[in-house]
Amino acid sequence: MTDLFSSAEILTFEGDPKFFWKDIVRAIENNGRKDILQSPVVLDVGGADGKFSKHLNTQGVRCVSLDRNKWNADPEANPVVGDAYKMPFADESFDIVYDRGAFDDSLYKHDFSKLLLEIARVLKSKGILAIYEMAVPPEGELTKYFRPLTEAGKNNPALWEKL
Ligand SMILES: C[S@@+](CC[C@H](N)C(=O)[O-])C[C@H]1O[C@@H](n2cnc3c(N)ncnc32)[C@H](O)[C@@H]1O
């Protein structure tokens, strides 16, 4: 691994994936996009050990966990090693892309213009980007490819719909 977390960072990023997924489902339902929850294919970008993806797969929701570092993820997480800037997926592969921690600009210096373009590429039309971050990517970059479903900057998860 090239960027190991300190134990403080690991603590910060601990959390039960079932609560995050419940939150996302609730937010999607509350924002008029129940349709996307029928049979979604989900990507966890920066999925690390794949806990979130494994949880979804065990619930019958198809999910892939992408991370540039090779974690010891359970095969049920469908782990894929790859860079979020050049993902090994075809265009419009996913209904929902989930990020928690990978967009953190204080840990990783991001070029959001490129990163969000690549995320928009792998999302289907009207697909949803669900972001859990203390600070979301710049709104000006997000609105190039997405429209906000939740009030921008005020919610976790923040939901953005692909234009
Ligand atoms: C702070 S951790 C969060 C892990 C997990 N999402 C969670 O909620 O616990 C961020 C993860 O994003 C990954 N990451 C950062 N930049 C990436 C990139 N360009 N491509 C793929 N993964 C990346 C890191 O390797 C790390 O595993």
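Structure report, in brief. Because the structure is a prediction, the values reported are computed rather than measured.

Quick look at the sheet that holds strand β6 (residues 146–148) now. Taken together, the 7 strands give an open sheet; going across it, the order is β3-β2-β1-β4-β5-β7-β6, and neighbouring strands pair in mixed fashion. Either end of the sheet is taken by a strand with one partner, and the two such strands are β3 (79–81) and β6. In this sheet, neighbouring strand axes are inclined to one another by 25° on average, regardless of whether the strands run parallel or antiparallel. Judged from the 5 bridges that link them, strand β1 (residues 41–45) and strand β2 (residues 62–67) form a sheet pairing that is parallel. Across the sheet, residue aspartate 44 finds its bridge partner in β2, namely serine 65.

Once that is clear, we can look at unusual backbone geometry. One non-glycine residue, alanine 48, lies in the positive phi region at around 50°. Its location among the elements puts alanine 48 in the loop between β1 and α3 (51–58). You can call alanine 48 buried: it has 22 C-beta atoms within 10 Å. Positive phi, normally seen in glycine, also occurs at glutamate 92, with a value near 55°. Here glutamate 92 is to be found in the loop between β3 and β4 (94–100).

Looking at the ligand, there are 18 residues lining it, with Gly46, Ala84, Arg100, Gly101 and Ala102 nearest. The residue inventory of the shell around the ligand, partitioned by class, reads 8 nonpolar, 4 polar and 6 charged.

Moving on, we get to the pairing of strand β5 (residues 123–132). Taking burial as the measure, the 10 residues of β5 include 7 buried ones, the bulk of the element. Of the strand pairs in this sheet, β4 and β5 are connected by 6 bridges, and their pairing is parallel. Across the sheet, residue arginine 100 finds its bridge partner in β5, namely tyrosine 132. Assessed by its sense of winding, the connection that carries the chain from β4 through helix α4 (residues 112–122) to β5 is right-handed. The pairing of β5 with strand β7 (residues 158–162) spans 4 bridges and is antiparallel. Bridge pairing in β7 places alanine 130 opposite leucine 159.

What counts as what
Residues numbered from 1 in each chain as written. Predicted model: local features only at pLDDT ≥ 70, side-chain atom pairs only at ≥ 80, totals over all residues. Pairing = 2+ DSSP bridges. Helix = DSSP H or I, 4+ residues; strand = E, 2+ residues; numbered from the N terminus. Axes fitted to C-alpha atoms, helices over the stretch in contact; angles between N-to-C directions. Buried ≥ 20, exposed ≤ 12 C-beta atoms within 10 Å, placed from the backbone. Near = placed C-beta within 6 Å. Nonpolar A, V, L, I, M, F, W, Y, C, P; charged D, E, K, R; others polar. Right-handed = clockwise from strand over helix to strand, strands pointing away.

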